[in-house]
Amino acid sequence: MAEREIVKKYQNGDLTVVWKPQLCIHAKICVKTLPEVYDPNEKPWIKAENASIETLKSQIAKCPSGALTYEMKGESNANTTSFETKVQVMANGPLLVHGDLEVTGVDSTSEKKTRTTAFCRCGASKNKPYCDGTHNSIQFKG
C-alpha cells in the first residue's frame, strides 16, 4: 500500500500556502527569507498572514525542493508551469534538478516531476533517490 502524501495548507486571503513535508529538504531558505512567516519552533509553523501575497509568492518561488507551493484563488496552480531543465549542486546538500522530468526507479515505476527535484548525494536519505534532509544531521560534506 502506497504511503499517503501529507499536505498542509495555510491561508492568506486569496493565497493558500501549500506545504508538502515529504518533499522538504530543510534548506531553511523559507526561514531565513521570511522568519516572521516560517518558524519551525511554533505551531502552526507557517503564519501566512504575516506577509503580503506578493512577498509570499516571491519566497515560495525560491523553495529548492518544491515542498512549498501556493494556490491562488482565480489562478491555476503555479506548479504547472514548465521550466528549462538545469542542474545545481548544493554545497553539502542535494543535487537539484530544475525543470520537467520523469524519474524511473529501480523497480521500473516512473514518476513525473515538475519545478525542482532534490536528489540525495549523501547516500543516507530514507527516501532515495530523493533528498530528505538527512545530510544536515550526518554533517555531509561534498
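Everything here concerns the structure above.
Attention here is on the structure that accompanies the text. What you see is a predicted model, and the numbers here were worked out from it, not measured in a lab. (Residues numbered from 1 in each chain as written. Predicted model: local features only at pLDDT ≥ 70, side-chain atom pairs only at ≥ 80, totals over all residues. Heavy atoms only, no water.)

## A look at the environment of Met 72
Now for step 1: Within the element layout of this structure, Met 72 appears in strand S3 (residues 68-72).
Now for step 2: Excluding anything up to four places from it in sequence, Met 72 contacts Asp 14, Leu 15, Ile 53 and Lys 57. (Helix = DSSP H or I, 4+ residues; strand = E, 2+ residues; numbered from the N terminus. Contact = heavy atoms within 4.5 Å.)

## Digging into the pattern of salt bridges
Now for step 1: Within this structure, the stated rule accounts for five salt bridges.
Now for step 2: A salt bridge links Lys 57 to Glu 54, with the nearest nitrogen and oxygen atoms 3.8 Å apart. Highlighted residues: Lys 57 and Glu 54, both in helix H2 (residues 53-60), separated by three residues, approximately one helical turn.
Now for step 3: With relative accessibility at 54%, the residue Glu 54 sits in the exposed group. (Salt bridge = Lys/Arg side-chain N within 4 Å of Asp/Glu carboxyl O. Buried < 20%, exposed > 50% of the residue type's maximum accessible area, 1.4 Å probe, protein only.)

## Some thoughts on the pairing of S3
Now for step 1: Counting buried residues in S3 gives four out of five residues, a clear majority hidden from the surface.
Now for step 2: Direction of pairing for strand S2 (residues 15-19) relative to S3: antiparallel, over a ladder of five bridges. Bridged to Thr 16 within S3 is Glu 71. (Pairing = 2+ DSSP bridges.)

## Considering the state of the cysteines
Now for step 1: Within the structure shown, the criterion is met by zero disulfides.
Now for step 2: Free of any disulfide, Cys 30 has its nearest cysteine sulfur in Cys 24, 6.4 Å distant.
Now for step 3: Cys 30 sits in the buried class, given a relative accessible area of 13%.
Now for step 4: The thiol sulfur of Cys 120 is not disulfide-bonded, and the nearest other cysteine sulfur, from Cys 122, lies at 3.8 Å.
Now for step 5: Overall, the relative accessible area of 22% leaves Cys 120 in the partly exposed class. (Disulfide = S-S within 2.5 Å.)

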